[in-house]
Amino acid sequence: GLYTADVCYFIGENAPIMTGGTNPELPNGYSYDFINAEVILNRLSVKDGRFVLPDGMSYKVMVLPPFKTMRPEVLQKIETLVKAGGIILGQQPEQSPSLENYPKSDMEVKETAGKLWGGKYVDGKLNYNYGNGFVFDGYDLEFLFKEIGLKEDFSVPKETPVLWTHRKMSNKDIYFITNQSDEIIHITPTFRVDKNLKPQLWDAVSGDIRGLPEFSVSEAGVTVPLKMEKAQSWFVVFTNKEAKSQYVTNFPEPKLIKTLEESYTVDFKNKDIGPKDSVQFKTLTSWSKCSNEKIKYYSGTATYKITFSLDKLPEEGGYFIDLGELSVMAEVKLNGKDLGGVWIAPYRLNMTNSLKTGVNTLEIDVVNLWRNQLIKDKNHNKNEKYTWLVIDDIKKGEPLKASGLLGPVTIKHYK
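Everything in this summary refers to the structure shown in the same document.

How each quantity is defined
Residues numbered from 1 in each chain as written. Predicted model: local features only at pLDDT ≥ 70, side-chain atom pairs only at ≥ 80, totals over all residues. Heavy atoms only, no water. Core = buried A, V, L, I, M, F, W, Y, C linked by side-chain atoms within 4.5 Å. Buried < 20%, exposed > 50% of the residue type's maximum accessible area, 1.4 Å probe, protein only. Helix = DSSP H or I, 4+ residues; strand = E, 2+ residues; numbered from the N terminus. Contact = heavy atoms within 4.5 Å. Phe/Tyr/Trp six-rings, centres within 6.5 Å; stacked < 30°, edge-to-face > 60°. Lys NZ or Arg CZ within 6 Å of the ring centre and 35° of its normal. 1 Å grid on protein atoms, 1.4 Å probe; cavity = no way out; pocket = protein on both sides within 12 Å on 5 of 7 lines; lining within 4 Å. Points joined across faces, edges and corners; volume = space filled by probe spheres on them. Nonpolar A, V, L, I, M, F, W, Y, C, P; charged D, E, K, R; others polar. Pairing = 2+ DSSP bridges. Axes fitted to C-alpha atoms, helices over the stretch in contact; angles between N-to-C directions. Polar contact = N/O pair within 3.5 Å; in protein donor to acceptor, adjacent residues only side chain to side chain.

### Thoughts on the nonpolar core
Tyr264, Phe281, Tyr304, Leu323, Leu362, Ile364 and Leu405 are the most contacted members of the largest nonpolar core, which has 35 residues in total. Of all elements in the fold, only strand S23 (264-268), strand S25 (301-310), strand S26 (318-322), strand S28 (329-334), strand S29 (337-342) and strand S31 (358-367) reach the threshold of two or more residues within this core. Those residues in contact with Tyr304 that sit more than four places away from it in its chain are Tyr264, Thr265, Val266, Phe281, Leu284, Trp287, Leu362, Glu363, Ile364, Val366, Gly404 and Leu405. The next biggest cluster of nonpolar side chains, apart from the first, holds 29 residues, and it includes Leu64, Ile78, Ile88 and Tyr130.

### Some thoughts on the packing of aromatic side chains
The tally for this structure, following the rule as stated, stands at 23 aromatic pairs. Counting every residue linked through ring pairs, the aromatic cluster contains Phe154, Trp164, Tyr175, Phe191 and Phe238. The ring of Phe251 has Arg210 lying over it, and the distance from NZ or CZ to the ring centre is 5.3 Å.

### Points about the environment of Leu53
Within the element layout of this structure, Leu53 appears in the loop between strand S5 (50-52) and strand S6 (58-59). Expressed as a C-alpha distance, the spacing of Leu53 and Arg43, which sit 10 residues apart in the sequence, is 5.9 Å. Apart from the residues within four sequence positions on either side, Leu53 is in contact with Val39, Arg43, Leu44 and Tyr59.

### Regarding the layout of surface pockets
Quantified by volume, the largest pocket comes out at close to 950 Å³. As for the largest pocket, its lining consists of 39 residues, and the residues nearest its centre are Asp203, Asp208, Trp234, Phe320 and Arg348. Looking at the lining of the largest pocket, the elements with two or more residues in it are strand S16 (198-202), strand S17 (209-211), strand S20 (226-228), strand S21 (233-239), S26, S29, strand S30 (348-350) and strand S33 (410-414). By residue class, the composition of the lining of the largest pocket is 21 nonpolar, 9 polar and 9 charged. What the second largest pocket holds in volume is close to 400 Å³. Lining of the second largest pocket is provided by 18 residues; of these, Thr4, Arg50, Gly56, Ser58 and Lys168 occupy positions nearest its centre. Mapped by element, the contributors of at least two residues to the lining of the second largest pocket are strand S1 (2-3), S5 and strand S12 (162-168).

### With respect to unusual backbone geometry
Backbone geometry follows two general trends: most residues other than glycine have a negative phi, and most peptide bonds adopt the trans configuration. The omega angle of the peptide bond from Asn23 to Pro24 is 5°, so this bond is cis rather than trans. Inspection of the secondary structure puts Pro24 in the loop between strand S2 (7-10) and strand S3 (32-35). Cis geometry is adopted by the peptide bond preceding Val328, which originates at Ser327 and carries an omega value of 5°. In this structure, Val328 sits in the loop between strand S27 (325-327) and S28. Not every positive phi belongs to a glycine, and Asp123 is a case in point at roughly 55°. Along the chain, Asp123 falls in the loop between helix H3 (104-116) and strand S9 (126-130). The backbone of Asn335 sits at a positive phi, close to 55°, despite the residue not being glycine. Structurally, Asn335 can be placed in the loop between S28 and S29.

### Comments concerning the pairing of S21
Of all 7 residues making up S21, 5 are buried, and the element is well covered by its neighbours. Where strand S13 (residues 172-179) meets S21, 7 bridges bridge the pair, whose relative direction is antiparallel. From the neighbouring strand, Lys172 faces S21, where its bridge partner is Thr239. Alignment of S16 against S21, held across 5 bridges, turns out to be antiparallel. Paired with Gln200 across the two strands is Val237, which belongs to S21.

### With respect to the sheet that holds S3
If you trace the 6 strands from one edge of the open sheet to the other, you get S3-S2-S7-S8-S10-S9, paired in mixed fashion. Edge positions in the sheet fall to S3 and S9, since each of these pairs with one other strand and no more. The sheet shows a mean angle of 20° between the axes of neighbouring strands, direction not considered. In the packing of helix H4 (residues 141-148) onto the sheet, contacts are made with S2, strand S7 (61-63), strand S8 (87-89), S9 and strand S10 (133-137), and the angle to S7 comes to roughly 155°.

### Quick notes on the pairing of S26
With respect to burial, S26 is a largely interior element, 5 of its 5 residues being buried. Taken together, the 5 bridges between S26 and S33 define a ladder with antiparallel strand orientation. Paired with Ile321 across the two strands is Ile411, which belongs to S33. In this sheet, S30 lies alongside S26 in antiparallel orientation, the contact comprising 3 bridges. Bridge assignment links Ile321 to a residue of S30, and that residue is Leu349.

### Side note on the side chain of Thr303
Along the chain, Thr303 falls in strand S25. Reaching out from Thr303, the side chain makes a polar contact with the side chain of Lys269 at a distance of 3.5 Å. Of the polar contacts made by the side chain of Thr303, one reaches the side chain of Asp365; its length is 2.5 Å. Setting aside anything within four residues of it in sequence, one finds Thr303 in contact with Thr265, Val266, Asp267, Lys269, Glu363, Ile364 and Asp365.

### Digging into the side chain of Thr223
Looking at the element boundaries, Thr223 is found in strand S19 (residues 221-223). By relative accessible area, Thr223 is classed as buried at 14%. At 2.7 Å, the side chain of Thr223 and the side chain of Thr190 are in polar contact. Leave out the neighbours within four places in its chain, and Thr223 touches Thr188, Pro189, Thr190, Phe215 and Ser216.

Take a look at the structure:
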C-alpha cells in the first residue's frame, strides 16, 4: 500500500538541505511527509483538491518553509497548483535564492507572490481564495484543518502512549499501532475510513486474522475498541471483505484452566559451562538468583519439561498457553507437537490442536542473553575465559540479567 499523509512540508531550497522541520507543528492524529523543489516542479499535480504524485501518494495541504526566498519557476508551479485547487500555508517569498537571471528572477518572484498572497490580511493572518484553491498565512494547522473540514486520520486523546502509521491499498486501509508503554492499555480510536469497510485484527506474531465485531460508525469515521498488552502492536485493517470471528467481543477475557505449578525438570544444553545433569526447579525463578554458579551465570539454551493432567476440557473455543514472564526467547512443544516461538510479550501460543484430556507433556526451550557469562568471565584470567569481546563494555560488579522461564505458566480457554 501507499503511505497516507495529510500534509507535505516543502523543505525549501537553501543549500545544503536534505530534510526539513515541521513548522508549524502537526496536530495529534495526522501524518506528514517532506517534499522538495524537484518533485514539485516535475511530479506534482492537483486532483480533487489534493496534491498528487504519479504513484498515487497525495496530500491535502502543502506547508511552505519559513524562508523568504524561492526560485521563480518553483513559485510559478505552486501558483498553478493552487489555481487547480491546492491549499498552501506559509509566508510570502520576496526574492530568489539564486543569482540565475538576476535581477529579473527577483522581480518574477515578487510578481507571482503578489498575486498568490493578494488577499487582505486581518490581524496578521491571511485566508485567501485563489482560483480553485486557498492560500493561508499566519495560522496554525489545527485552525486550518477545522476551516477545510479535515478530520483526524487516527483519533485518540493526546496523552495516549501509542504510535501509528496508515497505508492505503485500492480495497484496504491498513493501520499499524504500537503501545509505547509498559502497561496494558484500552483505547478507542476513531479511524478516518470509508464507513462501509469492516475492521479486522491482524496479528503479525501469530499470523492470525480475525474480525472485530465491536465497532461503531459516525461522521468522523469508524471507532473500534482495542486492548494492547505492554509494548504490543496490532495491524487494524479495514476491508469490504468480512473476516469471521469466533468471539462476540473484540477482546474476550480468558478463563483460567490450569496453572502449571508442579516441579520442572531443566536440562542446560551447554555442558561446558552449565550443570552436567538435569536440575529440578520446584518454583520458577531467574537463573541469576540461583546459588549454583553454573546456573547463575549460565548463558545459552535450557529445556524445561513438565507433565500435567486434565480431566476434561470445555467443548467449544480455543486454548492458549501463557508463559508469563521469560528472558528472553522460547520455543514450545506440547505432546511432541511444535507450538511455535515467542520473543516479545505477551508470551502466548495457541495450543488448541495439541491439548488433550489425560496426561500432557510440555517442553519449553528458553534462550537468554550471553551477558551473564561475559560478566562471569570478567573476573577470570584471559586463558580461563569461555567468551571474549572485541569491544569489552562489561564492568566488574555489573548486576546479572534476569534469565530463564519466570512464569507463571498457565493454560487458558477462550469461549
